[in-house]
Amino acid sequence: MNEYDIIMRPIITEKSNLLKDGSNQYVFQVRQGANKIEIRKAVEKLFKVKVVSVQVLNFEGKKKRLGRFEGKKSDWKKAVVKLIPKDKISIFEGA
């Protein structure tokens, strides 16, 4: 498994922008089966930065209805990655 399979996309919201500006933390949606060590290595290799810590949150997909049919959105995982103070990730800077 390579780094592109682990890091799915950056999450750019108002809260993630506050984390980026205040404490140099970046938020990503990651693969459901990824652990903290794999996430740390993937971020360090993809963006060439030094990671201090990784926090992981699991989200359960919501149930949705369309008429009489019921379905469920997929479960997903979010990772909050803290970098050393001198490092930045450039994809977040334009957002």
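Counting of residues starts from 1 at the beginning of each chain's written sequence and follows it residue by residue. Only residues with pLDDT of at least 70 get local features here, since the model is predicted, and only at 80 or more are side-chain atom pairs given and counted; chain-wide, interface and lining totals rely on the full set of residues. Hydrogens and water molecules were not included; the side-chain quantities draw on all heavy atoms of the structure.

Asks: So, the environment of Val27: which residues are in play, and what are the values?
Replies: By the secondary structure assignment, Val27 is in strand β2 (residues 25-30). Using a relative accessible area of 3% as the deciding quantity, one classes Val27 as buried. Numbering of helices and strands runs from the N terminus, with a helix taken as a DSSP run of H or I at least four residues long and a strand as a DSSP run of E at least two residues long. Each residue is assigned to one of three classes by its accessible area relative to the maximum for its type, calculated with a 1.4 Å probe on protein chains only: buried under 20%, partly exposed between the two thresholds, exposed over 50%.

Asks: An account of the sheet that holds strand β1 (residues 7-10) is requested, with residue identities and associated values reported.
Replies: Read from one edge of the open sheet, four strands run β1-β2-β6-β3, paired in antiparallel fashion. At either margin of the open sheet sits one strand with a lone partner, and together these are β1 and β3 (51-59). The mean inter-strand angle of the sheet, taken between neighbouring strand axes irrespective of direction, is 30°. In this description, strands pair whenever DSSP reports at least two bridges between them. The pairing of β1 with β2 spans three bridges and is classified as antiparallel. Paired with Arg9 across the strands is Gln29, a residue of β2. Contacting β2 and β6 (76-83), helix α2 (residues 14-23) crosses the sheet at an angle of about 140° to β2. Residues count as neighbours in contact if any of their non-hydrogen atoms are within 4.5 Å of one another. Angles here are taken between N-to-C directions and fall from 0 to 180 degrees, while the axes themselves are lines fitted to C-alpha atoms, restricted in helices to the stretch in contact. Strands in contact with helix α3 (residues 36-47) are β1, β2, β3 and β6; relative to β3, the strand with the most contacts, it is inclined by about 125°.

Asks: Break down the pairing of β2 for me, citing the residues and quoting the values.
Replies: Counted residue by residue, β2 has six buried out of six residues, so it is predominantly covered. Alternating positions in β2 separate into two faces, Gln25, Val27 and Gln29 on one and Tyr26, Phe28 and Val30 on the other, with burial throughout. As paired strands, β2 and β6 are joined by six bridges and run antiparallel to one another. Residue pairing for β6: Gln25 is matched across the bridge by Lys82.

Asks: Explain the pattern of salt bridges to me, and be specific about the residues and the numbers.
Replies: For side chains of opposite charge, pairing can occur when their charged atoms come near one another. A carboxyl oxygen of Asp or Glu within 4 Å of a side-chain nitrogen of Lys or Arg is what we treat as a salt bridge. Per the counting criterion, the structure on display carries five salt bridges. Across the pair Asp21 and Lys20 runs a salt bridge whose closest N-O atoms are separated by 3.2 Å. For the salt bridge of Arg65 with Glu70, the shortest nitrogen-to-oxygen distance reads 3.6 Å. Arg65 gets classed as exposed once you look at its relative accessible area, which sits at 58%. We classify Glu70 as exposed; its relative accessible area is 55%.

Asks: Summarise α3; cite the residues concerned and give the values.
Replies: An α-helical segment advances 3.6 residues per turn. Residues three or four places apart therefore align on the same side. Taking 1.5 Å per residue, 12 residues should reach 16 Å; α3 reaches 16 Å between its end C-alpha atoms and fits that length. For α3, every residue scored as buried is listed here: Ile39, Ala42 and Val43. Considered in projection along α3, the buried side chains sweep an arc of 95° and stay on one side of the axis. Facing away from the buried side of α3 by more than 90 degrees, the exposed set consists of Ile37, Lys41 and Lys45. Residues of α3 that are buried sit in contact with α1 (3-6), β1, β2, β3 and β6. Any pair of N or O atoms that falls within 3.5 Å is considered a polar contact. Within protein, one atom must be able to donate a hydrogen and the other to accept it, and sequence-neighbouring residues count only if both atoms are side-chain atoms. A side-chain oxygen of the first residue of α3 lies 3.3 Å from the backbone nitrogen of Ile37; this N-cap is Asn35. The first or second residue beyond α3 is Lys48, which carries a positive phi of 55°. Expected helix span is given by 1.5 Å per residue-to-residue step, counting one fewer step than there are residues. Directions drawn from the helix axis to the C-beta atoms are what define this arc.

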